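# Descriptive structure summary
If you want the building blocks of each chain, they are given just below.
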Amino acid sequence: MIRISTLLWLGLSVSTGSLLFNISQQTQDTRHQLTRLEHNIALEKQSLDVLSAEWSYLNRPARLRKLAEKHLDLNPIKGFPVASKENIIYLKKPAEMFPDPLMEDQNTDPEQILFTNSQDIQTRLPHARPKALERDPPGSTKKQERPQEYNIATPVRHTQYSSKQFDDVLNTLEVN
Amino acid sequence: MKSLHKRITTLQGEYVQNFERTRVRLFAVMTFFALAFIIIGFRLIILMGPNAFHDGTPKASAILSSTEAAPRRGNITDANGITLATSLATRSLYADPKYVNDAAVLAQELTDVFSDLDYDDLYTDLTKDRRFIWIKRHLTPKQQAKVLKIGDPALALQTEYRRVYPQGSLTAHITGYTNTDGLGIAGIEKEYEKALLKGGSDLQLTIDTRLQYLLKTEILKSIREYKAIGGSGIVMDVRDGEILAMVSLPDFDPHRYNTASENAKFNRNTVGVYEMGSTFKLFSTAAALENNTADLSDMYDVSKPLKVSRFLIRDFHRIKRPISLTEVFVHSSNIGTALMAEELGTKKLKDFYRDLGFFSRAEIDIPERGMPIIPGRWRDVTTLTASYGHGIAVSPMHVVRATAAMVNGGTLPDPHFVKIKGTHEKPKLSIISPQISARLRGLMTLAVEEGTGSKVKQDHIWVGGKTGTAEKVTERGYTEDKLFSSFVGVFPSNAPRYVILVAIDEPKGTKDSFGYATGGWTSAPVVSKVIEYMAPMMQETRHLTKTGFPELEALRKYIKEDEDHAAF
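Not measured: the values here are computed from a predicted model.

### Some points on the domain arrangement of chain B
Residues and elements named next belong to chain B. What the domain assignment lists for chain B is domain 1 (76-204) and domain 2 (211-558). When each unit is reduced to the centre of its C-alpha atoms, the spacing between domain 1 and domain 2 is 44 Å. Listed by partner, the interface residues are 25 residues for domain 1 and 23 residues for domain 2. Approximately 2,100 Å² of surface area, both sides summed, lies buried where domain 1 meets domain 2, with 64% of it carried by carbon and sulfur atoms.

### Considerations on unusual backbone geometry
All names here are of chain B. Residue Leu249 is joined to Pro250 through a cis peptide bond whose omega torsion reads 5 degrees. Summarising the element assignment, Pro250 is placed in the loop between strand E8 (243-249) and helix H10 (262-265). At the junction of Phe491 and Pro492, the peptide bond is cis and its omega measures out at -15 degrees in the coordinates. Here Pro492 shows up in the loop between strand E18 (477-491) and strand E19 (498-505). The phi dihedral of Ser332 falls on the positive side, at around 55 degrees, and the residue is not glycine. Counting through the fold element by element, Ser332 comes out in the loop between helix H12 (325-330) and helix H13 (334-344). In this structure, Glu506 is a non-glycine residue whose phi angle is positive, near 55 degrees. Within the secondary structure, Glu506 sits in the loop between E19 and helix H18 (519-522).

### Quick word on the environment of His173(B)
Residues and elements named next belong to chain B. Here His173 shows up in helix H6 (residues 172-175). In this structure, the C-alpha to C-alpha distance between His173 and Glu368, residues 195 residues apart in sequence, is 9.4 Å. In terms of polar contacts, His173 uses its side chain to reach the backbone carbonyl oxygen of Ser248, at 3.5 Å. At 3.0 Å, the side chain of His173 forms a polar contact with the backbone oxygen of Ala264.

### Things to note about a nonpolar patch on the surface
Residue and element names in this part refer to chain B. A grouping of Val29, Phe32, Phe33 and Phe37 is seen on the molecular surface, where their side chains present a nonpolar patch of about 470 Å² in accessible area. Examined against the element boundaries, Phe33 turns out to sit in helix H2 (residues 14-48). By relative accessible area, which is 44% here, Phe33 ends up partly exposed.

### Quick look at the pattern of salt bridges
Residue and element names in this part refer to chain B. All told, the structure shown has 30 salt bridges over all chains when counted by the stated rule. One salt bridge connects Glu193 with Arg73, and the closest N-O pair in it is separated by 3.1 Å. Residue Glu193 is found in helix H8 (residues 193-197), and its partner Arg73 is found in the loop between strand E1 (66-68) and strand E2 (76-77); the two are separated by 120 residues along the sequence. Between Arg137 and Glu160 there is a salt bridge; the shortest N-O distance is 2.8 Å. Taken as a pair, Arg137 in strand E4 (residues 133-139) and Glu160 in strand E5 (residues 155-164) lie far apart in primary sequence, 23 residues in all. Taking the relative accessible area as the measure of exposure, Glu160 reaches 9% and is therefore buried. Sharing partners across several salt bridges, the network here consists of Arg73, Arg163, Glu189 and Glu193.

### What to know about the pairing of E19(B)
All names here are of chain B. Along E19, 8 of the 8 residues are buried, which leaves the element largely enclosed by surrounding structure. Alternating positions in E19 separate into two faces, Tyr498, Ile500, Val502 and Ile504 on one and Val499, Leu501, Ala503 and Asp505 on the other, with burial throughout. Bridge count between strand E7 (residues 230-237) and E19: 8 bridges; the pairing is antiparallel. Paired with Ile234 across the bridge in E19 is Leu501.

### Notes on empty space enclosed by the protein
Residue and element names in this part refer to chain B. Going through the model one piece at a time under the given rule, you end up with 4 cavities of 30 Å³ or more. Estimates place the volume of the second largest cavity at around 40 Å³. Considering the residues around the second largest cavity, the lining is formed by Ser169, Leu170, Thr171, Ala172, His173, Gln212, Lys216, Met246, Val247, Ser248 and Asp251. For the lining of the second largest cavity, the elements supplying multiple residues, two or more each, are H6, helix H9 (209-225) and E8. Here the lining of the second largest cavity takes 3 residues from E8, the largest share from any one element.

### Remarks on the side chain of Glu189(B)
Residue and element names in this part refer to chain B. For Glu189, the location among the structural elements is in helix H7 (residues 187-191). A distance of 2.8 Å separates a polar atom in the side chain of Glu189 from a polar atom in the side chain of Arg163. The contacts of Glu189, once residues within four sequence positions are left out, are Arg73, Ile76, Ala85, Arg163, Tyr165, Thr175, Gly176, Tyr177, Thr178, Gly184 and Leu196.

### Observations concerning the environment of Phe491(B)
All names here are of chain B. Along the chain, Phe491 turns up in strand E18. Residues Phe491 and Val238 lie 253 residues apart in sequence; the distance between their C-alpha atoms is 9.7 Å. For Phe491, the contacting residues outside a window of four places in its chain are Ile461, Trp462, Val463, Pro496, Arg497, Tyr498, Ile500, Ile531, Met534, Ala535 and Thr541.

### Considerations on the packing of helix H11 (residues 281-290) of chain B against helix H17 (residues 434-449) of chain B
Residues and elements named next belong to chain B. Between H11 and H17, whose axes approach to 11 Å, the crossing angle comes to 140 degrees. Comparing their axes, H17 and H11 come out oblique. Crossing angle aside, the handedness with which H11 passes H17 is right-handed. Here Leu282, Thr285, Ala286, Leu289 and Glu290 of H11 come into contact with H17, specifically with Ile436, Leu440, Leu443 and Met444. Taken together, the residues that form the contact of H11 with H17 break down as 7 nonpolar, 1 polar and 1 charged.

### Some words on the packing of aromatic side chains
Residues and elements named next belong to chain B. Per the counting criterion, the structure on display carries 17 aromatic pairs over all chains. When the centroid spacing of 4.1 Å and the interplanar angle of 10 degrees are considered together, the rings of Tyr274 and Phe484 count as stacked. Here Phe484 lies in strand E18 and Tyr274 lies in strand E9 (residues 274-275), a separation of 210 residues in the sequence. Between Trp462 and Phe549, the ring centres sit 5.4 Å apart and the planes meet at 70 degrees, which makes this aromatic pair edge-to-face. Linking Trp462 in the loop between H17 and strand E17 (464-474) with Phe549 in the loop between helix H19 (524-537) and helix H20 (550-555), this pair joins segments that are 87 residues apart in sequence. You can call Phe549 buried: its relative accessible area is 2%. An aromatic cluster is defined as three or more aromatic residues linked by ring pairs; in this entry it consists of Phe280, Phe283, Tyr353 and Phe358.

### Comments concerning the side chain of Asn75(B)
Residues and elements named next belong to chain B. With respect to the secondary-structure elements, Asn75 resides in the loop between E1 and E2. Looking at Asn75, the relative accessible area reads 11%, which means it is buried. Polar side-chain contacts of Asn75 include one of 3.2 Å to the side chain of Arg72. Non-local contacts of Asn75, meaning those with residues more than four positions away in its chain, are made with Ala85, Thr86, Ser87, Leu196, Ser201, Asp202 and Leu203.

### Quick look at the layout of surface pockets
Residue and element names in this part refer to chain B. Considered as a void within the structure, the largest pocket measures approximately 1,200 Å³ in volume. What lines the largest pocket is a set of 44 residues, among which Arg314, Asn334, Tyr388, His390 and Glu471 lie closest to the centre. Mapped onto the lining of the largest pocket, the elements with two or more residues apiece are strand E12 (311-313), helix H15 (380-387), E17, E18 and H18. With 5 residues, E17 is the largest single contributor of residues to the lining of the largest pocket. Residues of the lining of the largest pocket, tallied by class, amount to 14 nonpolar, 20 polar and 10 charged.

### Re the sheet that holds E7(B)
All names here are of chain B. Taken in spatial order, the 5 strands of this open sheet run E8-E7-E19-E18-E17, and their pairing is antiparallel. Looking at strand neighbours, the two that pair on one side only are E8 and E17, the edges of this open sheet. Across the sheet, the axes of successive neighbouring strands diverge by a mean angle of 15 degrees, strand direction being ignored. Two elements, E18 and E19, share 8 bridges in a ladder whose sense is antiparallel.

Calculation rules
Residues numbered from 1 in each chain as written. Chains lettered and ligands numbered in written order. Predicted model: local features only at pLDDT ≥ 70, side-chain atom pairs only at ≥ 80, totals over all residues. Heavy atoms only, no water. Domains from an automatic or database assignment. Contact = heavy atoms within 4.5 Å. Buried area = accessible area lost by both parts, 1.4 Å probe. Helix = DSSP H or I, 4+ residues; strand = E, 2+ residues; numbered from the N terminus. Polar contact = N/O pair within 3.5 Å; in protein donor to acceptor, adjacent residues only side chain to side chain. Patch = residues over 30% accessible without salt bridge, like charges linked within 9 Å, V, L, I, M, F, W, Y side chains within 5 Å. Areas by Shrake-Rupley, 256 points an atom, 1.4 Å probe, with all protein chains shown as cover. Salt bridge = Lys/Arg side-chain N within 4 Å of Asp/Glu carboxyl O. Buried < 20%, exposed > 50% of the residue type's maximum accessible area, 1.4 Å probe, protein only. Pairing = 2+ DSSP bridges. 1 Å grid on protein atoms, 1.4 Å probe; cavity = no way out; pocket = protein on both sides within 12 Å on 5 of 7 lines; lining within 4 Å. Points joined across faces, edges and corners; volume = space filled by probe spheres on them. Axes fitted to C-alpha atoms, helices over the stretch in contact; angles between N-to-C directions. Parallel < 35°, antiparallel > 145°, perpendicular 65-115°, else oblique. Left-handed = near helix turned anticlockwise from the far one by under 90°. Nonpolar A, V, L, I, M, F, W, Y, C, P; charged D, E, K, R; others polar. Phe/Tyr/Trp six-rings, centres within 6.5 Å; stacked < 30°, edge-to-face > 60°.

Spelled out as structure tokens, the structure:
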């Protein structure tokens, strides 16, 4: 009897001990992993800080201005209307012409502004046309003919168009 | 064994007693040991449990053999989220002289890496009887690699945070700067030290970096053109006091604040106080209208200089006929304004100026705030000169705030740099009535359309404003060749959103300006350019056109156009 109970207790204590040892080892491992992860997160955060600082540095207005002047043919916009009210063509149902599957309610705004009189823009905003468009395409020797005049016979407003009529309107926008 | 047992069981009397005693003792000892083992066992379980090996902070791993320093300071961003100030982790090198083997060799090796360190100083430091000496703060990655190559056991690295201002000098006067230990010593960095350091949270300013740049480049152009010694400018929202841009030139690099001159670090907008000149006519006229001592139709004789005791009040451009108060403002007549102030009286003007905050430091959330200069004894002649901005010196920030109150319907806003989150309604201090405010808007617009501020006139947006040209006081008294020329403008002046003040310090007239260096020539074009670029940029002013402006039209009948006045 004594031997059996001794063995039982011995077995129990050994198994408890080893279980405890295992758990503590696992805890240690997890702890190390956590430290490593925390360290990596800290490093990532540090690089994020560096990157956002660099982003801000690269976006200095002075630098952007210099780059824009070098690479873009854009001028600062002026604060005035580019087209007068009479020169705006309204389209009753633009959704018919350009169905947009993503737009749910397509008929909310029947008076969508689509075109303005280009001549009006050209005279009021001589710089509105990017210089890049004037350049010859690479390889061509012939200088591209630049459209000189734009004309819309009569500005039409508040008229319902069919797609056929719309084509006609587009045609009137062509160069004479 | 068996025989012994038999013998014991047959024992009698005294022996039995001894045996019993032994058993009790044995049991006591066993219980004691059992308890001890149980306690030790529990302790072991606790030690090996989930919190084992954890002393609260994770130990720095072997890769980063450096210790963590002070907590990280929060970032400062502009209104659009552009970083204006951030803290980047760097390594700083220190040594423990106790572990130095050969100070001479180590000092030589270190001076090879850091050319700016002095060998002798380093040697004395390394041989000192101390446990900690800084060798170099904020190493570059290259320097760090070289130091690791030296591999001396006395050397160690510590992680520190270095304050970086990606926009450089552009916002230096606003953000301020921190010292080597990362403590704010100027600007927002100082004012919001607790929030940045303890909270570690990010701070969003109301500044728009694009406008800041626009304002700076335009002021710089004017300074160069008129060979001025400095310039300043503020753009503020008239309704809630948000500062969108604030420029003080010359400025400095906040990373090298210790080598910057005091002149560059001087904030002309909040610390500098100046006699602002004619821009004050806006406030004295408002005081007269609010107190009902004058009306815009009242006529004043400005043909002769005004003599008050030993002072002589003169006009820049002499007008040889009686003019209305409207014309006094539009053509900026000192004589007319002084006559108007005489009717108003000293007490009412002083009270009005006090209400506008001219007698106390500027209301703004940076520590650099200058005290206005008010005459110790306010005589009656002071009232006259103060009505056109002489004899009283305030900061440009004072003027911007007061101008906002003149045009926004009459309430004094609280200028601030840090975006206020949420809406906590503060009782607004009302200075003038909305009706008077509307008349002043018309008056300021008329000064631009017909008077001294004509260079600010825009084709597509209503702009109002007032020029100001003050002679600076030198040892020889007021001098004509040292001017402080300013312009304060509001736009769109029929429904004001922004107030812009630009001041150029000591401009010299040029051939193009016919020798003039007044506010209308030097500062007004700056304001004009800023409005021209800014109006299409801001959401609220993007689609505006010059629509009807009844307050302006109502004033036109008070001005005569028979004379040809130079526009400044």
